[in-house]
Amino acid sequence: MEYDLLIIGGGVAGLTLAQTLQDRLKVLLVEESSLGGVASSLGCKATDECLSCGVCHFVDLKREIVFRKFNVLTDRKITSFAKSGNKFQIKTEKGEEITSQLLTVATGAAPLEVKNLSRLGGGKLPRVYSGWDVEKGLNEGIISSFRDFSSLAFIQCAGSRNFKEKRGYCSQVCCRYALRIAENLKFSFPQMNIDFYYMDLQILGKKKEKLWEIADKINLIRHLPYEVKEEEGRLSLLFEEQGVERKKYDALILSVGMVPSPGTQQTGKRLGLNFDSGGFIKSYGQGHTSCEGVFVCGTACGPKDIETAREEAQIVAEEIWRVRRG
Amino acid sequence: MTKLLWLVDNPLLLPDFWLEKMEKEKGWKIEIRDRESKVLNFIDYDRIFILGDSLSFTRERLSLLAYEWKVNPSKIQVFPWEEVKIVFPQSFFSILEQFIAQSLAKPLAPLVAERVVPENKVLVLPQASQTLDQALKEKGIETVVAPSSTLRREGINFHLFPSGDTVGAVVVSPPEEITPPVSFSSEVEDTRKLVDLKFMEKEIEKKDFRGETIIFLLPKRGVTEKEWLQTFYLSRLLAKRDRAEIFVLVEEVLVAGENLEKEYRQARSCGVIFEKVTFSSLFAQPTLDMRGIEVEFTTERDRLKRKIKADWLVSLPERNVLPFDLAPFFDSDRIEEAILPLANPNLSSFSPGIEGIFVSLPGEEKNLVQVIEKYLTQGIVRERGRVEVNEEKCILCLTCLRTCPWRAVAIEKERKKTRVNWELCHLCGLCASFCPAHAIEIKGLSFEDWLSPVSLGGEK
Ligand SMILES: Cc1cc2nc3c(=O)[nH]c(=O)nc-3n(C[C@H](O)[C@H](O)[C@H](O)COP(=O)(O)OP(=O)(O)OC[C@H]3O[C@@H](n4cnc5c(N)ncnc54)[C@H](O)[C@@H]3O)c2cc1C
Ligand code: SF4
Ligand code: SF4
Ligand code: SF4
Ligand code: SF4
């Protein structure tokens, strides 16, 4: 099978790219599990009003896809890449051989696993939740299971903006999703005491004003705690402010950010692409990578939210179209 | 023979024995297809049923499918099997049978799903900002500026008086209120060392700031990403090229953007000092010789009081969008009240809740223009003839005018008759449910169908 463009990864970015180019080029999308990527696990964060988290844009995209004639191979792992002349040859584990003029890597990012944050109690202490778990549970009503907590703290930048661990970047979405979850908690349990440990508030995009309003409602503390311990059945949080201070909470939410997904690391390595300091595939503008004919978009080349990923994919699509036309 | 098509997630749900039974007993030739399967000729079937979650198949979405499949929308029906299976597991098949029989018994209403594309032209009220103007130009969208015209709806478009133009969309560019992050006394302004970002951008090319002290002051709200980028860039350049001493006083630093973060780090590594301060504690006064400004503040980090003599104070204002009244622009029988997204947080940030009217907020012009372009080029899919007012029954109480959230019901000025503007109707059914005279018909579906997609009458 020969194609103009092979897209690897069927998350928001890959799907948007396929959607934009499907009428103009012969496009194939290869996805190792099922379509949707990270965004398909995220939940709606509306209270009695929509908080513009952007997740339903993705739902719209998926709906559109269900009934479209996309060339998609799901459940396919790619086993080998080769380049002959100016064409790429790809083999999948199910034996398909695909030839394509251009490649786009849209293999995305993965949420940081909390077990890497054991100092903050991640994966170790009870009632220490990962923001990712809360996100996944939103549609199943996880918020109501927080009913019995009278105090709760968010710890921002959990694993992000940390140069020591080679994750010096800001994950861009966690401040916003955490504020929206905080609003959900406040909405359901107005009495709950919510503290928010953070570095800077990264408020961008839609509903900025509303997010600032939420920020005014909760207790902002500009410190990142360095340790969480269990004491007398509560979670004790240690941070520095005129000496060591500790504060106790019933539950914690670690606002984890993104790390390059295993697929991104692997695909990048196999294709010999350059990486940036955070381990994401380096984009040299408009989706170009260090290898000619290979493009990158979405969170594979750095953290971003759904809307930005969509916008970027549209820009990369135009660039691919320009390159392909010559 | 009646040809029926069922689109399902899992073909095993409708077993062969049942299909054969239906063909023999009822004369229904039922075909089953996976929902994701591709090449199909939908026109051949008498009815198309979707076995699926009724909530995710809204009427709007069904219209879109009807349009894509080129079939009469009243041929498509959703059977919410998830719910039915839970409630009536044993009688599932008899309910299904009844559902098919009922929908076949109803005559098909002559409906068409059509794509309506607005005129590729926009009116900007009251006036386009430079960035908006540029963004519109880049996309090749023609703009009309006529701040004192009145609008009347014509289908999906707007007709303008007195110019006679027709536009497909109206962009409201509400005025902004600009306030400094801290209030400065007139003495501070008299030093003429209190400047804005634009001044610095211009001066940096001509002037050497060697050895000078420059303070940037950025409020946390209303500063655009571009301004943050500019601040990072300028402060770095001043620190590196001119070895000037640079302080950036902020409440929050914005880094959530690819280049933002890079520029921020570079600025810091060039010696720019970013200090988080509480603006309420910030105080500025001119130096004795009136050649500079003395700025006093408390750092958030260690609560220390600091006093810095600055040669320049670059201050970025906080911007807030002010409400804008759309009512005076409409020539209609209904009071048009646009609710800006600021006032109604349920609306998306570009929409005041009226089809074809968009709100431009500072810093988001590019995204907005993308949305408008999509709207103007792709338009929307609507069903012609689904909702209609029976003029004989109508008592002209105007309830429908007031209830329709999409302003799709209009009263014809000359004839004084109500009419549903099908291009705007989102098929929500509200008007019909409120009409005291039962004058509004939703064709192809009875009112009960509208409320619950399946009738479960057989379970007794
Ligand atoms: C905890 C958390 C909360 C978030 N909250 C929000 C929010 O509220 N609002 C918002 O706008 N954004 C949010 N985001 C960000 C959002 O999830 C991303 O912007 C978006 O999912 C990015 O899509 P993508 O296509 O770039 O990558 P992904 O969604 O990661 O998709 C990558 C796809 O590639 C596939 N793949 C990987 N490797 C291979 C391979 N080797 N071969 C084939 N296929 C492969 C994967 O299976 C996956 O389907 C959040 C992210 C996280 C982690
Ligand atoms: S934007 Fe987010 S909060 Fe609003 S409806 Fe969509 S998913 Fe829900
Ligand atoms: S978005 Fe907020 S929480 Fe996430 S890394 Fe950036 S600053 Fe930290
Ligand atoms: S609500 Fe019914 S009776 Fe009243 S104006 Fe509308 S159509 Fe006529
Ligand atoms: S069904 Fe009636 S109320 Fe609903 S959008 Fe159409 S005209 Fe308006």
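Topic: the site of ligand 3
Residues and elements named next belong to chain A.
Then, in step 1: Neighbouring ligand 3 are Gln156, Cys157, Ser160, Arg161, Cys170, Ser171, Gln172, Cys174, Cys175, Asp200 and Gln202.
Then, in step 2: Counting only elements with at least two residues in the shell around ligand 3, the list comes to β9 (151-158) and α4 (174-188).
Then, in step 3: Residue classes in the shell around ligand 3 are distributed as four nonpolar, five polar and two charged.

Thoughts on the nonpolar core
Then, in step 1: Core analysis: the biggest nonpolar cluster contains 82 residues, and Phe146, Phe154 and Leu185 of chain A have the highest contact counts within it.
Then, in step 2: For this core, the element with the most residues is α4 of chain A, which contributes seven residues.
Then, in step 3: No fewer than three residues from each of domain 1 (2-108 + 261-324) and domain 2 (111-258) of chain A sit in this core.
Then, in step 4: Residues contacting leucine 185 of chain A, with those up to four places away along its chain left out, are Ile143, Phe146, Leu152, Phe154, Met192, Ile194 and Ile253 of chain A.
Then, in step 5: Counting residues in each nonpolar core, the second largest holds 37 residues, with Ile141, Cys400, Leu401 and Trp422 of chain B among its members.

Quick notes on the pattern of salt bridges
Then, in step 1: Counted according to the given criterion, the structure contains 44 salt bridges over all chains.
Then, in step 2: Ionic pairing is found between glutamate 183 of chain A and lysine 210 of chain A, a salt bridge with its closest N-O pair at 3.8 Å. On the criterion of sequence distance, the pair formed by glutamate 183 of chain A in helix α4 and lysine 210 of chain A in helix α5 (residues 208-217) is long-range, its members being 27 residues apart.
Then, in step 3: A salt bridge links glutamate 388 of chain B to lysine 443 of chain B; its shortest N-O distance comes to 2.8 Å. One end of the pair, glutamate 388 of chain B, is in strand β24 (residues 387-389); the other, lysine 443 of chain B, is in the loop between β27 (440-442) and α13 (447-451), with 55 residues separating them in the sequence.
Then, in step 4: Given the relative accessible area of 38%, glutamate 388 of chain B is considered partly exposed.
Then, in step 5: Using a relative accessible area of 24% as the deciding quantity, one classes lysine 443 of chain B as partly exposed.

Structural notes on the packing of aromatic side chains
Residues and elements named next belong to chain B.
Then, in step 1: Evaluation of the coordinates by the stated rule reveals 23 aromatic pairs over all chains.
Then, in step 2: Geometrically, the ring pair formed by tryptophan 6 and phenylalanine 79 is edge-to-face, given 6.2 Å between the ring centres and 80° between the ring planes. With tryptophan 6 in strand β1 (residues 2-8) and phenylalanine 79 in strand β4 (residues 76-79), this pair connects stretches of sequence that are 73 residues apart.
Then, in step 3: Accessibility expressed as a relative area gives 0% for tryptophan 6, which makes it buried.
Then, in step 4: On the basis of an interplanar angle of 80° and a centroid distance of 4.9 Å, the ring pair of tyrosine 264 and phenylalanine 274 is categorised as edge-to-face. Taken together, the positions of tyrosine 264 in helix α9 (residues 258-269) and phenylalanine 274 in strand β16 (residues 273-276) put the pair ten residues apart, joining distant regions of the chain. This pair shows no difference in class: tyrosine 264 is buried, exactly as phenylalanine 274 is.
Then, in step 5: One aromatic cluster in this structure is built from Trp6, Phe49, Phe79 and Phe99.

Section: α5 of chain A
Then, in step 1: Every buried residue belonging to α5 of chain A is among Lys210, Leu211, Trp212, Ile214 and Ala215 of chain A, and all of these are buried.
Then, in step 2: Contact partners of the buried residues in α5 of chain A: α4 and β11 (219-221) of chain A.

Definitions and cut-offs
- Residues numbered from 1 in each chain as written.
- Chains lettered and ligands numbered in written order.
- Predicted model: local features only at pLDDT ≥ 70, side-chain atom pairs only at ≥ 80, totals over all residues.
- Heavy atoms only, no water.
- Near = heavy atom within 4 Å.
- Helix = DSSP H or I, 4+ residues; strand = E, 2+ residues; numbered from the N terminus.
- Nonpolar A, V, L, I, M, F, W, Y, C, P; charged D, E, K, R; others polar.
- Core = buried A, V, L, I, M, F, W, Y, C linked by side-chain atoms within 4.5 Å.
- Buried < 20%, exposed > 50% of the residue type's maximum accessible area, 1.4 Å probe, protein only.
- Domains from an automatic or database assignment.
- Contact = heavy atoms within 4.5 Å.
- Salt bridge = Lys/Arg side-chain N within 4 Å of Asp/Glu carboxyl O.
- Phe/Tyr/Trp six-rings, centres within 6.5 Å; stacked < 30°, edge-to-face > 60°.

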